[in-house]
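# Understanding the architecture of this molecule
Read off the chains here:
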Amino acid sequence: MLRILLLRCMQIILKSCRETHCHYCFSEAPADVVFCPLCTIPVYCSRKCQEQAVGGISWNQDTYLESNSNAVDLGILSLTSTRCKATDSKQIAEHRHECGGAHWAAVLPADIVLAGRLMAQYIDSRMLTGKSSAISGPKMDLIQHYDVDSPTSKLESHIYAIVLLSCLQKHYKSDLSWKEETLAQMVLLICQVKVNSIAIVCMKSMDGSQGLTENKGYSAADDGVMCSVEQVKVAQAIYMSGSLFNHSCRPNVHSYFHSRTLFLRSTTYIKSGSPVELSYGPQAGEMNLVKRQKSLQENYKFSCQCSSCSELHLSDLVIDSFCCPRSSCLGAVSESTCYKSEENCVHVSVDESDICKLSLPHVSKVDEDIEKVGKLFFRNNADLKIDPGYCMSCRSQINLSSAVATSEKAASKINRFKELAVIDGISEIPITDALQSLQQIKKLRHPYSKALAQAEDAIAEAFAKIGDQEQARKHCEASIMILKKLYHPKHIAIAHELIKLVSIELSLGDRASAAATFAQAKAIFSLYYGPDVERILPYVDALKRTVSGGFIGAP
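The shown structure was predicted, so the numbers you read here are calculated from the model rather than taken from an experiment.

With that out of the way, let us pick up the overall build of the protein chain. On a plain count of helices and strands, the protein chain comes out with 18 helices and 20 strands. Counting the 555 residues in the protein chain, one finds 50% classified as buried.

Spelled out as structure tokens, the structure:
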């Protein structure tokens, strides 16, 4: 498998994680954090991270700070030099220019602060080499979409550019002067950051996963434990080489992070000459075609033409669809308008706006499921139109607005049951209501729809919390079966769901089933993370020992 490490970058922590994660390495902050000695806003997990971010520090022990009329001896700290590099690093200290009392870096949006760091890095690099003449700005070979931005977005970029230059001028003072084109260059830099920055994510243990990591084991007595892990966005970064990769809604490369390093690992065999593609966020199976296109257009200003967005796939037909009113028909009922043209393509439109043109797969690639779901598309008739609310296989009609409202109400009741499950002594009423709501969703939603998978998963989690592990296993397995249709059996989303199933099987004392399920999950994780599985997902090692009998839980 291809594995690439990308190191050259600039990052900024997101506001939501400013108090919980180290501002340099982005790991979870310990109880005894280290603060920036100048502005005390950023927190670091160690003195080393602090020095990397702030630079060399010198002490001035002859100053005092008056507080409540009491003189407090606080050795005021100052930077040794505005031209110093971070300790033991070739990287210029990234936070130094943000100190100074104004705290603008804590107020401005993350992408704007990131642009400021790139400009400061450019300025410091020039000053270190003795080029202290007028500054224009870094000329990065990255795409920007200023020409297609809305007038409001352009105005916002100009205002932020003026604010950033003012803040940087205050830090550097008379050490440099600006060129006439500096403001324009800063505007373009902000646009480049918005389009090319990558969200740094960490895997956060939820529910039982945290206990597994801390206790190094699992007890069958822990009835309410159900392992789950979610991705948490902790920072935003620019990776110069990483920005060169194209997007695909079915990527052949998985990206993950350890501290500030971006890893790219191929998840399938890539033929010579084939593109190496990662996901910018939206993936087939996670979002439907319309939502993916909308997200990519809004954030990156392009219409995706990857294989998933140019050819008809099962997941896009069923992910948000309803079921045919005829019980014997597996056809999907969509909220979008679809019509088949003479060139053997399916056009998808919403509100009379053409979203995408999908070519029909070759007859040799048509599997049984997609043919049953959209039977009408595979007949030899041209100019076929299927309106919202009509089955794609037999043209049976449903009351779409009523189905949407009823489905959403049922999902709300299930989520309420999930919230109440943490309360001791929950009554039978919410349990009955939740199961009835699940039946309603099954009657309305397509058997392969994501709404049904989410409902089954919520029911499973609720039953795990109240200690009914048999019911939890039943619904967890049902959710996984649906997700395998939407993604594919070896997608990483399936591995995370399998870990939930492992925890339930351990609660039931079924160690053999837990070991078999864990082996499936571990194989998928290894495909995506290779040798870094246990470093990225530390609870995996604890589960491995548990299912192999290496831990005996307390009674």
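What follows concerns helix α12 (residues 428–444). Its 17 residues place the ends of α12 25 Å apart at the C-alpha level, agreeing with the 24 Å of an ideal helix rising 1.5 Å per residue. For α12, the set of buried residues is P430, I431, A434, S437, L438 and I441. Seen end-on, α12 carries its buried residues on one side only, within an arc spanning 125°. Facing away from the buried side of α12 by more than 90 degrees, the exposed set consists of E428, I429 and K443. Looking at the buried side of α12, the elements it contacts are α11 (400–420), α13 (450–466) and α14 (469–486).

Attention now goes to the state of the cysteines. Per the counting criterion, the structure on display carries zero disulfides. The closest cysteine sulfur to the non-disulfide-bonded C202 is located on C17, 7.9 Å from its own sulfur.

By size, the foremost hydrophobic cluster in this structure holds 81 residues, and its most contacted members are F377, F525 and Y529. Broken down by element, the residue count for this core peaks at 10 residues, all from helix α15 (residues 492–507). For F377, the residues in contact, after removing those within four places along its chain, are L312, L317, C338, K340, V346, L360, L384, I386 and M392. Counting 33 residues, the second largest nonpolar core, distinct from the first, contains A110, Y122, M127 and I238.

Moving on, we get to the confidence of the model for the protein chain. Mean pLDDT over the protein chain stands at 83; residues scoring 70 or higher make up 83%. Between the elements of the protein chain, mean pLDDT differs from a low of 30, seen in strand β7 (residues 70–72), to a high of 97, seen in strand β15 (residues 322–323). Under a pLDDT of 50 for its full length, residues 57–90 has, in the predicted model, 62 contacts with residues more than four places off or in other chains. The low-confidence segment residues 208–223 (pLDDT under 50) makes 44 contacts with residues lying over four places distant or belonging to another chain.

Another point: the pattern of salt bridges. Taken as a whole, this structure holds 21 salt bridges when the rule is applied. Between K194 and E156 there is a salt bridge, with the nearest N and O atoms lying 3.4 Å from each other. Remark: E156 occurs in helix α4 (residues 151–172) and K194 occurs in helix α5 (residues 182–196); sequence separation between them is 38 residues. Of the residues examined, K194 reaches a relative accessible area of 25% and is grouped as partly exposed. K291 is the partner of D320 in a salt bridge, and the nearest nitrogen-oxygen pair spans 3.9 Å. One end of the pair, D320, is in the loop between α9 (314–318) and β15; the other, K291, is in helix α7 (residues 289–300), with 29 residues separating them in the sequence.

Before going further, it helps to spend a moment on a nonpolar patch on the surface. A cluster of nonpolar residues, L155, I159 and V163, forms a patch on the protein surface that exposes about 250 Å² of accessible area. As for its placement among the helices and strands, L155 is situated in helix α4. Judged by relative accessible area, which is 54%, L155 ranks as exposed.

On to unusual backbone geometry. Although it is not a glycine, S259 sits at a positive phi angle of roughly 55°. Structurally, the position occupied by S259 is in the loop between β12 (253–258) and β13 (261–266). Note on S259: relative accessible area 32%, which makes it partly exposed. Positive phi outside glycine occurs at K301, with the angle close to 65°. Note that K301 resides in the loop between α7 and α8 (307–310). Judged by relative accessible area, which is 28%, K301 ranks as partly exposed.

Parameters at a glance
Residues numbered from 1 in each chain as written. Predicted model: local features only at pLDDT ≥ 70, side-chain atom pairs only at ≥ 80, totals over all residues. Heavy atoms only, no water. Helix = DSSP H or I, 4+ residues; strand = E, 2+ residues; numbered from the N terminus. Buried < 20%, exposed > 50% of the residue type's maximum accessible area, 1.4 Å probe, protein only. Expected span 1.5 Å × (residues − 1). Arc of directions from axis to C-beta. Contact = heavy atoms within 4.5 Å. Disulfide = S-S within 2.5 Å. Core = buried A, V, L, I, M, F, W, Y, C linked by side-chain atoms within 4.5 Å. pLDDT = per-residue confidence, 0-100. Salt bridge = Lys/Arg side-chain N within 4 Å of Asp/Glu carboxyl O. Patch = residues over 30% accessible without salt bridge, like charges linked within 9 Å, V, L, I, M, F, W, Y side chains within 5 Å. Areas by Shrake-Rupley, 256 points an atom, 1.4 Å probe, with all protein chains shown as cover.

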